[in-house]
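Residue-level structure breakdown
So the chains spell out like this:
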Amino acid sequence: MQYRALCAMIVLAFGPALAGGQSGSDRHDRDVFDVDAFLAREAKQAKQACDAGLGAGCFNLGIIYAEGLGVPKDPVRAAELYQQACEGGNAKGCFHLGDSCAKGDGVPKDTPKAAQLYKKACDFGSADGCTMVGYRDGQGVPWLEAAAVLCEGGNANACHALGVSYAKGGDLAKAAQLYQKACDGGNADACSSLAHLY
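Report on the accompanying structure.

Here is what the cut-offs are and how they apply
- Residues numbered from 1 in each chain as written.
- Predicted model: local features only at pLDDT ≥ 70, side-chain atom pairs only at ≥ 80, totals over all residues.
- Heavy atoms only, no water.
- Axes fitted to C-alpha atoms, helices over the stretch in contact; angles between N-to-C directions.
- Helix = DSSP H or I, 4+ residues; strand = E, 2+ residues; numbered from the N terminus.
- Left-handed = near helix turned anticlockwise from the far one by under 90°.
- Contact = heavy atoms within 4.5 Å.
- Nonpolar A, V, L, I, M, F, W, Y, C, P; charged D, E, K, R; others polar.
- Disulfide = S-S within 2.5 Å.
- Parallel < 35°, antiparallel > 145°, perpendicular 65-115°, else oblique.
- Buried < 20%, exposed > 50% of the residue type's maximum accessible area, 1.4 Å probe, protein only.

This next bit is on the packing of helix H3 (residues 35-51) against helix H4 (residues 55-67). Viewed as axis vectors pointing N to C, H3 and H4 meet at an angle of 145°, and their least axial separation amounts to 7 Å. By crossing handedness, the relation of H3 to H4 is classed as left-handed. Of H4, the residues touching H3 (which contributes Glu 42, Ala 43, Ala 46, Lys 47, Ala 49 and Cys 50) are Gly 57, Cys 58, Asn 60, Leu 61 and Ile 64. Residues that form the contact of H3 with H4 fall into these classes: seven nonpolar, two polar and two charged.

Right, let's talk about the state of the cysteines for a bit. Taken as a whole and assessed by the stated rule, the structure comprises four disulfides. At a sulfur-sulfur separation of 1.9 Å, the disulfide partner of Cys 183 is Cys 191. Judged by the torsion about the S-S bond (95°), the Cys 183/Cys 191 disulfide is right-handed. Among the cysteines around Cys 101, which has no disulfide bond, Cys 86 carries the closest sulfur, lying 9.7 Å off.

The next thing to look at is the packing of helix H6 (residues 91-103) against helix H7 (residues 111-123). Packed helices, taken two at a time, are described by the angle between their axes plus the distance between the axes. Two elements in contact, H6 and H7, have axes whose closest approach is 8 Å; the angle formed by their N-to-C orientations is 165°. Here H6 is positioned roughly antiparallel relative to H7, judged by the angle of their axes. In this structure, H6 crosses over H7, and the sense of that crossing is left-handed. Seen from H6, the contacting residues are Ala 91, Cys 94, Phe 95, Leu 97, Gly 98, Asp 99, Cys 101 and Ala 102; seen from H7, they are Lys 113, Ala 114, Leu 117, Tyr 118, Lys 120 and Ala 121. For the contact of H6 with H7, the residue count by class is 10 nonpolar, one polar and three charged.

Tracing the chain through its elements places Ser 100 in helix H6. Using a relative accessible area of 5% as the deciding quantity, one classes Ser 100 as buried. Apart from residues lying up to four places away in sequence, Ser 100 is in contact with Tyr 82, Asp 105 and Val 107.

Below is the structure:
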């Protein structure tokens, strides 16, 4: 679901409260909240955080430009911001820049560079990055080792990804154990995967 659609749902559900705490079902109460103004404020805050050297701010601003949320859609600018985020140690920035390189979205298509960025994302703690390292290597073994370390460290996403791997391999008992750990760690997908095992 796109960010804009999510914002619209929030506005419809909580519009009166967001518009100043007013209650009631009067239609014009919902019209007070301006989604575009909200998105513009989010972009401004992300830019300030990025300008201050915060990798998360650069990553968020990259998403804003990639999706065109309150700003014109600009995949080139998004890739530049992902690069800044990655250089600042932000795993999501590395992962998204890797995706950009893999797809040629905003940057020239470069599969070897994408693989390097996925590995960097994995090294920074991204379970998604570790997953892509496994896919790119064609073996999955380096990914399994990296994901296991992340899972042991409490990364719920890594635990879920490992659970999926064990389930595909037929070890449903180990998959259930990993799904439970991921679910307990707050990964809703893992809770769903666990429910599907029973």
